[in-house]
Each structure stands twice: as structure tokens, then as C-alpha cells.
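Residue strings, one per chain:
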Amino acid sequence: MFEYNFHWRPVLKSLPDLLQAGLLTLEVAVLSMVIGITIGLCLALMRMKLEGPLKWFAVSWIEVARNTPVLFQLFFFGFGLGAAGVNLPPYVIIVAGLSFNCAGYLAENFRGGFQAVPDTQINAARCLGMNGWQTYTRIIIPQVFRIVYHPITNQMVWAVLMSSLGMMIGFRELSGETQFFASRTFRIFEYFAVTAVVYYVIVKLILGSSRLLSARLFRY
Amino acid sequence: MIEIRDLHKHFGDLHVLKGIDLDVKKGEVLSVIGSSGSGKSTLLYCINSLEKIQQGSVKIDGIDVHAKNTDVNKLRQKLGMVFQQWNSFPHLTAMENVALAPRIVKGKSKEEALYIAETQLKHVGLGDKLKNYPSALSGGQQQRLAIARALAMEPEYMLFDEATSALDPEKVGEVLDTMRLLAEEGMTMICVTHEMGFARDVSDRVAYFHQGVMEEIGPPEQIFYSPISEHTKKFLANVR
Ligand SMILES: Nc1ncnc2c1ncn2[C@@H]1O[C@H](COP(=O)(O)OP(=O)(O)OP(=O)(O)O)[C@@H](O)[C@H]1O
Ligand SMILES: [Mg+2]
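Residues numbered from 1 in each chain as written. Chains lettered and ligands numbered in written order. Predicted model: local features only at pLDDT ≥ 70, side-chain atom pairs only at ≥ 80, totals over all residues. Heavy atoms only, no water.

S.K.: Hey, could you run me through the overall build of chain A in this one?
M.R.: Scanning chain A for helices and strands turns up nine helices and zero strands. From first element to last, N terminus to C terminus, chain A shows the α and β order α-α-α-α-α-α-α-α-α. Put simply, chain A has 220 residues, and 42% of those count as buried. Per element, the accessible surface of chain A, about 11800 Å² overall, is 68% carbon and sulfur. Chain A carries 17 positive and 10 negative side-chain charges, and their two centres are separated by 10 Å. (Helix = DSSP H or I, 4+ residues; strand = E, 2+ residues; numbered from the N terminus. Buried < 20%, exposed > 50% of the residue type's maximum accessible area, 1.4 Å probe, protein only. Areas by Shrake-Rupley, 256 points an atom, 1.4 Å probe, with all protein chains shown as cover. Lys, Arg positive; Asp, Glu negative; His and termini not counted. Charge placed at Lys NZ, Arg CZ, Asp CG, Glu CD.)

The structure is reproduced here in C-alpha cells:
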């Protein structure tokens, strides 16, 4: 009978490297979310407020981002652009790919959020003499932000998990690093088991801090 | 003074206001009554430029509301408005709801704005709700909050669009009392209302609207006890 002896020692020895890679994973996810939120907000507004080419640009972005595999989206920024002579470093590829994907999903969340704020809020603000900018920044956006807060948290978790695709394009974030060590030591199961725990802890930290923050932000 | 001349409003093919001529003097309380769809709300929206007009003019203290070069944001500071559906800002406390516009529109300091807010909230009887969020206020309290919020901009005119219609019957009184208080203080008011008692007791004049036309206008005694128009008679017979 086949017998597998667990050897945890090599994994423990490279734990500092894995944790370092975990930080990189977090960095990539946060950066992609910041870009994704900014672009997603723009896409949502373009889709709602504009007509013509810009609207269709936004709609196409959202459709592609939501309805094709993330891996393909990454490959586009990697091999696709590579074939066109634009060679991006893995870090840029993963951030671009994740940002593209997050922007598409978040755009729809934002759109739902804007639609959930009643028009009467706009009238009320305008009647007080607020201009369009003041109405948006002081009245509409804060309410939208509350509505999309939990979807944004979920998307952040997704960004962390999706960043594991980095290993498919040779990027040594948490999964890439794990793959690197695992293939050198052949302790594949041990490495990925430990890495799974690291992912789990990262996700739990995100969810926990999100909950703390929401209790402070939303008192109504 | 509000001067409305030959005001026409269309929504597509729908001719909603068909040539309204109306003056409202400083200090006057005008109630506007009429059946649903007669254009009462639209009239208020045309006065503060929430709706554009197709013909005629609206002037506030001599300034043409719908002229291209009119700064409507500035003009609206003269015109407080309270809607049927209460629309407090849910993410702000009562105090913040009232203080926001004085601060960002009028450029008051934070302390000054909060002082104004507290004063106005006490004015409408919400002195004990300063720190409450709207979700913790009843409909009647939210309407009084909306009134305080409008008053904080020190408007010269107040427009009320059925401010009590969406309230539970037992909350109507507190809002009407607040409106009465304003009238006694000399505020110029146009009140679209279904509260005939209020229209009769508080207004200087009552206007009856019928299918986009101002059928009849006059002191409450005339409108309620000796109306001239057949339409007015019919309407009043129905609401009594
Ligand atoms: N934004 C709009 N687009 C199209 N039609 C509208 C719009 N607003 C109002 N109308 C129409 O204009 C007419 C007058 O509406 P308005 O709201 O002024 O009536 P009202 O007298 O205030 O009625 P109510 O007592 O029901 O509030 C109605 O037939 C209404 O359907
Ligand atoms: Mg109405």
C-alpha cells in the first residue's frame, strides 16, 4: 500500500517567506480594489448617465469582466498584450487583471446603490440650494457607500482569493511562492495545506476589520 | 413677492398648467386646493425651478426664476420647500440634517451652523431629538425636521406640498401646528393642502385648481362659503 509520510519541517522553515508572500497577496488585492472601486464608480456613472460610445464602452467592460473566466482576463493582460509586443511584468499583469475584474463587478454594485437612493433625496438637497456636486458628495455618495459596503467587502475577499491565479503567470504571491517551494521539495500537500490556512486567516482578518469599521462608520 | 404670469407647463403632450396668473405678497399665506392631477405640485416645482416651464414667467422679488443667467442655487435659498414624502437625509442626525446646508451652501462656520440647527429644531419642537437619526423619528417628527431644515436657510418664502398627506392621522396635527406657528410669525407661505380646516383658518387666500387652471381665488370665506365656480362647489361638496 502506498504510504505518505508527512514532513512539515520544510514548510515551517519557509514560513517566513510564505508570510512575506502573503503580504504581497494582500498588497496586490488592496491595490486592485482601490483601482477597481475608482474605475467601477466611473463605469457605473457612465452606464447610468451617458448615451453613445462611452456608455457602450462601460457596458462592454462590465459584461466581459463578469461573464468570462478571470484567468482569461489575466491571460489577456499577459499573453494577449505580450503577443502585441507589450510585455508587462507579472505584478502589473495581476493588478491590471484583478482591477479589470473588480471594476466590472463593483460597477454593478454601485449602479444598484445609486438606484436604491430615492430621487426625492436629490430634490430635497437641491431645494436647500446645494449644487450638483454638493448633492452628490454630501447626500448621494454617502448613502450609496453604505449600500455597497458589504458587497465591497465581499469583492475584497474575492480579490485576495483570485490573486492566487498569479501562480499561472509566474508571479510569486502567496500561491506562486507556495508552488515554488512545493515543487522544489516535493512536499506539495504540506505546502498547500499551510497556505490554505494563511489564506483563511487573511480572509478572516478582512471580514473582522470590515465589521469593526462598519460599526464605526454607520450609526444609523 | 412672487409674481406668476401666464405660466404654461407641458409634460410631453400633457398640458398640466394652462396659463396661471398669480401674485403672492410678502407675509401672505396662500392655500392651494384641488383634485389630484390638477397641477398643484407642478406649480410649486415651477416656482423653485425643479421643473422648467414652456411659456410665461415666474419672478421672485423681481428675479426671473427661469431666465438663463439666474443662479437658481442662490435663488432657492430664498425658497424653503417641504414635500409630501418626508425626505430627511438618513445618514445624518437631526442636527446634522439641519446644519448641513447653512454650512456648505451659505458658508457658515461649524459652530454657527450647529447653533442655527439647534435653534430651529427647538423652534419646531424637536429640541429633545437633536442627536437622533431620522430612522428613530416618526413621520410627523421627520416632517418637522424637514421644516426646520428649510428654515435654517432663512428663506423668505415657504412652499409646502401636501406636507401632511403621507402621515398617520394622529401625526397630522403636530405638523399643521408648526405650519400655523410659521404663519403667525409672518412667513410667506404657499401651502398645497387637502386639509380644508387649515386652509380655512390659516390662509389669507385660497386658490382652487381644476385641470391645470386656477378656477377661483379669494379669501377663505368666499371659497368655502360662497364659491362662484361650479367646479369649486362640486369639489368642496366632495371633500366635506
Ligand atoms: N414628471 C412628470 N412627467 C410626466 N407627467 C407628470 C410629471 N409630473 C406630473 N405629471 C402629470 O401632471 C399632472 C399634474 O400633476 P401634479 O403632481 O402637479 O398634480 P397635483 O395637483 O399635485 O396632484 P396630487 O393631489 O395627486 O398631488 C398629472 O396628470 C401628472 O400625472
Ligand atoms: Mg401633488
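S.K.: Whenever I open this one, the site of ligand 1 confuses me. Can you help?
M.R.: Residues and elements named next belong to chain B. Close to ligand 1 lie 13 residues, the nearest being Ser36, Gly37, Lys40, Ser41 and Thr42. Measuring from an oxygen atom of ligand 1, one finds a side-chain N or O atom of serine 36 at 2.6 Å. Here an oxygen atom of ligand 1 sits 3.0 Å away from a polar atom, N or O, in the side chain of glutamate 162. For ligand 1, the accessible surface in isolation is 640 Å², of which the surrounding protein chains cover 60%. (Near = heavy atom within 4 Å. Polar contact = N/O pair within 3.5 Å; in protein donor to acceptor, adjacent residues only side chain to side chain.)

S.K.: Would you explain the pattern of salt bridges in this entry?
M.R.: Two side chains carrying opposite charge are able to pair once their charged atoms lie near each other. This model, assessed by the stated rule, comprises 15 salt bridges over all chains. Of the charged contacts in the structure, one is a salt bridge between Glu156(B) and Lys26(B), with a shortest N-O distance of 2.9 Å. Taken together, the positions of Glu156(B) in the loop between helix H5 (139–151) and strand E7 (157–161) and Lys26(B) in the loop between strand E2 (14–24) and strand E3 (29–34) put the pair 130 residues apart, joining distant regions of the chain. On the basis of relative accessible area, Glu156(B) is assigned to the partly exposed category, the value being 31%. The partly exposed category is assigned to Lys26(B), whose relative accessible area is 47%. Taking the shortest distance from any N to any O, the salt bridge between Arg205(B) and Glu28(B) comes out at 2.5 Å. Of this pair, Arg205(B) sits in strand E9 (residues 205–210) while Glu28(B) sits in the loop between E2 and E3; the two residues are 177 residues apart in sequence, bridging distant segments of the chain. Within this structure, Arg47(A), Glu108(A) and Arg111(A) form a network of salt bridges that share partners. (Salt bridge = Lys/Arg side-chain N within 4 Å of Asp/Glu carboxyl O.)

S.K.: Hey, could you run me through the pairing of strand E4 (residues 55–60) of chain B in this one?
M.R.: Two faces belong to every sheet, and in a regular strand the side chains alternate between them. Residue and element names in this part refer to chain B. Here strand E1 (residues 2–11) runs beside E4; their pairing, made up of five bridges, is antiparallel. Across the sheet, arginine 5 pairs through a bridge with serine 57, a residue of E4. The antiparallel hairpin formed by E4 and strand E5 (residues 63–64) contains two residues in its connecting segment, where aspartate 61 sits at a positive phi of about 45°. (Pairing = 2+ DSSP bridges.)

S.K.: I would appreciate a short explanation of the interface of chain A and chain B in the present structure.
M.R.: Interface size is commonly expressed as the accessible surface area that is lost when the partners come together. On the side of chain B, 20 residues touch chain A, which itself brings 18 residues to the contact. Summing the contributions of chain A and of chain B, the shared interface buries around 1900 Å²; its carbon and sulfur component is 66%. The three residues of chain A that bury the most area against chain B are Cys127(A), Leu128(A) and Tyr220(A), which together make up 35% of that side's buried surface. Applying the counting criterion to the chain A and chain B interface returns zero salt bridges. At the boundary of chain A with chain B, the tally comes to three residue pairs in polar contact (both at pLDDT 80 or more). (Contact = heavy atoms within 4.5 Å. Buried area = accessible area lost by both parts, 1.4 Å probe.)

S.K.: Hey, could you run me through the UniProt feature "transmembrane region" (unreviewed entry) in chain A in this one?
M.R.: Residues and elements named next belong to chain A. Under the feature "transmembrane region" (unreviewed entry), the UniProt entry names residues 20–46, 67–85, 147–171 and 191–213. Structurally, residues 147–171 is divided into 64% helix and 0% strand, and its ends, taken at the C-alpha atoms, are 34 Å apart. Taken as a whole, residues 191–213 contains 100% helix and 0% strand, while its terminal C-alpha atoms sit 33 Å from one another. (UniProt positions renumbered as here; feature names shortened; annotations may be inferred.)

S.K.: Just to check I follow, could you spell out the sheet that holds E7(B) for this structure?
M.R.: Each strand in a sheet pairs with another by means of backbone hydrogen bonds, the pair being arranged parallel or else antiparallel. Residues and elements named next belong to chain B. The six strands are arranged E6-E7-E8-E3-E9-E10 in an open sheet whose pairing can be described as mixed. Every other strand in the sheet has two partners, leaving strand E6 (79–82) and strand E10 (213–218) as the edge strands with one partner each. Between one strand and the next, the sheet's axes are offset by a mean angle of 15°, whatever the strand orientation. Where E3 and E9 come together, five bridges link them in parallel fashion. Among the inter-strand pairings, valine 32 is bridged to a residue of E9, identified as alanine 207. Together, E3, E6, E7, strand E8 (188–192) and E9 form the strand contacts of helix H1 (residues 40–47), whose direction differs from that of E7 by roughly 150°. (Axes fitted to C-alpha atoms, helices over the stretch in contact; angles between N-to-C directions.)

S.K.: What exactly am I supposed to notice about the nonpolar core here?
M.R.: Counting 60 residues, the largest nonpolar core has Ile94(A), Phe110(A), Met130(A) and Phe89(B) as the members making the most contacts within it. Phe110(A) has contacts with Ile37(A), Gly40(A), Leu41(A), Ala44(A), Val144(A), Val148(A) and Ile152(A), leaving out every residue within four places of it along the chain. The next biggest cluster of nonpolar side chains, apart from the first, holds 36 residues, and it includes Leu121(B), Val124(B), Ile147(B) and Leu176(B). (Core = buried A, V, L, I, M, F, W, Y, C linked by side-chain atoms within 4.5 Å.)

S.K.: Teacher, can you tell me more about the UniProt feature "domain: ABC transmembrane type-1" (unreviewed entry) in chain A here?
M.R.: Listed under "domain: ABC transmembrane type-1" (unreviewed entry) in the UniProt record, and renumbered for this structure, are residues 22–207 of chain A. Between the C-alpha atoms that bound residues 22–207 of chain A the distance is 16 Å, and the span itself is 84% helix and 0% strand.

S.K.: I would appreciate a short explanation of the pairing of E9(B) in the present structure.
M.R.: When you tally the buried positions in E9(B), you get five out of six residues, the bulk of the element. Where E9(B) folds back onto E10(B) in an antiparallel hairpin, the turn is made up of two residues, including Gln211(B), whose phi is positive at roughly 45°.

S.K.: Teacher, can you tell me more about a nonpolar patch on the surface here?
M.R.: All names here are of chain A. On the surface, Tyr4, Phe6, Trp8, Leu12 and Phe189 cluster together to form a nonpolar patch covering roughly 540 Å² of accessible area. Mapped onto the fold, leucine 12 is located in helix H1 (residues 9–13). Judged by its relative accessible area of 56%, leucine 12 is exposed. (Patch = residues over 30% accessible without salt bridge, like charges linked within 9 Å, V, L, I, M, F, W, Y side chains within 5 Å.)

S.K.: Explain the sheet that holds E1(B) to me, please; I cannot follow it from the model alone.
M.R.: Residues and elements named next belong to chain B. A sheet is described by the order of its strands in space; here four strands give the open sequence E2-E1-E4-E5, paired in antiparallel fashion. Edge positions in the sheet fall to E2 and E5, since each of these pairs with one other strand and no more. The sheet strands contacting H1 are E1, E2 and E4, and the helix crosses E1 at an angle near 115°.

S.K.: Sorry if this is basic, but what is going on with the packing of helix H3 (residues 94–104) of chain B against helix H4 (residues 110–123) of chain B here?
M.R.: Think of two packed helices as two axes; the pair is described by the angle between the axes and how far apart they sit. Residue and element names in this part refer to chain B. Direction vectors running N to C along H3 and H4 enclose 125°, while the axes themselves pass 8 Å from each other. Looking at the two axes, H3 sits oblique to H4. Note on packing geometry: the crossing formed by H3 with H4 is right-handed. Taken together, the residues of H4 that come into contact with H3 (itself represented by Ala94, Met95, Val98, Ala99, Pro102 and Arg103) are Lys110, Ala113, Leu114, Ile116, Ala117, Glu118, Gln120 and Leu121. (Parallel < 35°, antiparallel > 145°, perpendicular 65-115°, else oblique. Left-handed = near helix turned anticlockwise from the far one by under 90°.)

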